[in-house]
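Observations on the three-dimensional arrangement
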Amino acid sequence: MDTSFFLAWVDEITRVVAAERDRLTELDAAIGDADHGANLDRGFTAVRAALAETTPASPGALLVLVGGTLIRKVGGASGPLYGTAFRQLGKTLGDAGEVSPAEFAAALEAAVDAVRRLGSAAEGDKTMVDALAPAVRALGAAAAEGAKAAEAFDAAARAAEEGAAATVPLQARKGRASYLGPRSVGHEDPGAASTALILGALRTVGAR
Amino acid sequence: MVGIVLISHSAALAAEVAALAAAIGGPEVPVAAAGGTDDGGLGTSPDKVAAAIKAVDRGAGVILIPDLGSSVLTARLLEEPDSVVIADVPFVEGAISAVVTAGADAPLAAVLRAAEEAREIRKL
């Protein structure tokens, strides 16, 4: 996978986030502050604007630019969290021009570790980590078996979707929803939902 | 003198707490408010926080006091060991303690400790 693959991923994320903006905001309205869809949409729109001005030389450089832009432009907690994830993903990939599924899996593992550290969140806290961590495991397992990108990304996207759905019965222990205590039960976590969208976009682009 | 940066989701809240802390702690302490997003909405702007850190840095270190959520995460991204540090404290009480102690020309560690003691101070 080269820089153009990751550009296509970012484009697909931008499209999906815009399309699902209202659903994400509705999820956030139930247990947060009703801005997750709008914030992510603003962030990825800013990413597109940044990419219109410069063409990064490698997948790593592209993902670092995505992360830095999300950190500066999102405005909510998802900015530092997704920004850190993309930046760590890019930093770990370095300046390689081509990335294998196994290298991408290792970099995504570094990204979820960085997110866990920043947010002090563990699996089961009802956050994006509940979608991201199982996706990283599924991707790593598929890559270790020598799966092609399309199969590996499909496994990761399915694991993220299952992880996001599994946040519904959880009580939030991190993030804005944790202020609601038991009232956070019965709702899907918006950050887990958007993580599933981002990995779903990876599956879409990998299947082309 | 140690500088203090107040990071809130709300520009008005950050500005008012900064004004209150300066009124109690003395106007000579470098205090900056970094509230709200770049377009004036509720949220956190890393650019505003970075500019505020620069504005209050007199070489003795800077204390970041975030309110919650993205303010905390943004502060964590801008931490620098031994020079830009986060105080995990109640927003108003922590700000006042930090500014009062900074005004006595205390070093960074002492200002941080004073801010953190604010968590234990009971009102009744």
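Whatever comes next refers back to the structure up there.
**Observations concerning the overall build of chain A**
When helices and strands are tallied, chain A shows 9 helices and 0 strands. Scanning chain A from its N terminus toward the C terminus, one meets helices and strands in the order α-α-α-α-α-α-α-α-α. For 208 residues, the compact-globule estimate of 2.2 N^0.38 gives 17 Å, and chain A sits close to it at 16 Å. If one aligns the C-alpha atoms of chain A with their principal axes, the spans along those axes are about 45 × 40 × 30 Å. Looking at the 208 residues of chain A, the share that counts as buried comes to 58%. Partitioning the contacts of chain A with sequence separation of at least 6, the portion at a separation of at least 24 is 65%.

**Overview of the overall build of chain B**
A tally of helices and strands in chain B yields 5 helices and 4 strands. For chain B, the sequential pattern of α-helices and β-strands runs β-α-β-α-β-α-β-α-α. At 13 Å, chain B has a C-alpha radius of gyration in line with the 14 Å of a compact globule built from 124 residues. With the C-alpha coordinates aligned to their principal axes, the bounding extent of chain B is approximately 35 × 35 × 25 Å. Taking all 124 residues of chain B together, 50% fall into the buried category. The long-range share in chain B, meaning contacts at least 24 apart out of those at least 6 apart in sequence, stands at 68%.

**Notes on the pairing of strand 3 (residues 62-66) of chain B**
Residues and elements named next belong to chain B. Extensive coverage of strand 3 is indicated by the burial of 5 of its 5 residues. Of the pairings in the sheet, the one linking strand 1 (residues 3-8) to strand 3 comprises 5 bridges and is parallel in character. In the sheet register, Ile4 faces strand 3, and the bridge partner there is Ile63. Relative to strand 4 (residues 84-86), strand 3 runs parallel, the two sharing 3 bridges. Within the sheet, the bridge partner assigned to Val62 lies in strand 4 and is Val84.

**With respect to helix 4 (residues 59-73) of chain A**
Look at helix 4 of chain A: 21 Å from first C-alpha to last across 15 residues, which is about the 21 Å you get at 1.5 Å a residue. Burial of helix 4 of chain A is extensive: 12 of the 15 residues sit out of reach of the surface. Within helix 4 of chain A, burial applies to Pro59(A), Gly60(A), Leu62(A), Leu63(A), Leu65(A), Val66(A), Gly67(A), Thr69(A), Leu70(A), Ile71(A), Arg72(A) and Lys73(A). On its buried side, helix 4 of chain A packs onto helix 1 (3-19), helix 3 (36-53) and helix 5 (78-93) of chain A together with helix 2 (46-56) and helix 3 (70-78) of chain B.

**As for the interface of chain A and chain B**
Contact with chain A, which involves 11 residues of that partner, is made by 13 residues of chain B. For the side of chain A that touches chain B, the secondary structure elements donating two or more residues are helix 4, helix 5 and helix 6 (101-119) of chain A. The element best represented in the side of chain A that touches chain B is helix 5 of chain A, accounting for 3 residues.

**Concerning the nonpolar core**
If you look at the biggest cluster of nonpolar residues, it comprises 102 residues, and the most contacted ones within it are Ala156(A), Val5(B) and Ile65(B). With 10 residues, helix 7 (residues 129-144) of chain A is the largest single contributor of residues to this core.

**Observations concerning unusual backbone geometry**
In this model, Lys126(A) sits at a positive phi of 70 degrees, which is unusual for a non-glycine residue. Within the secondary structure, Lys126(A) sits in the loop between helix 6 and helix 7. Positive phi is not limited to glycine here, since Asp105(B) has a value of about 65 degrees. Mapping Asp105(B) onto the fold places it in the loop between helix 4 (91-103) and helix 5 (108-117).

**Here's the deal with the environment of Ala60(B)**
All names here are of chain B. Position of Ala60 relative to the elements: it lies in the loop between helix 2 and strand 3. Look at Ala60 and you get partly exposed, because 16 C-beta atoms sit within 10 Å. Sequence separation between Ala60 and Pro107 is 47 residues, and the spatial gap between their C-alpha atoms is 7.0 Å. Ignoring anything within four residues of it in the chain, the contact list for Ala60 reads Met1, Val2, Pro107 and Leu108.

Thresholds applied
- Residues numbered from 1 in each chain as written.
- Chains lettered and ligands numbered in written order.
- Predicted model: local features only at pLDDT ≥ 70, side-chain atom pairs only at ≥ 80, totals over all residues.
- Helix = DSSP H or I, 4+ residues; strand = E, 2+ residues; numbered from the N terminus.
- Rg over C-alpha atoms; globule rule 2.2 N^0.38 Å.
- Buried ≥ 20, exposed ≤ 12 C-beta atoms within 10 Å, placed from the backbone.
- Contact = placed C-beta atoms within 7 Å.
- Pairing = 2+ DSSP bridges.
- Expected span 1.5 Å × (residues − 1).
- Core = buried A, V, L, I, M, F, W, Y, C linked by C-beta atoms within 7 Å.

By themselves, these are just geometric observations and shouldn't be taken as functional.
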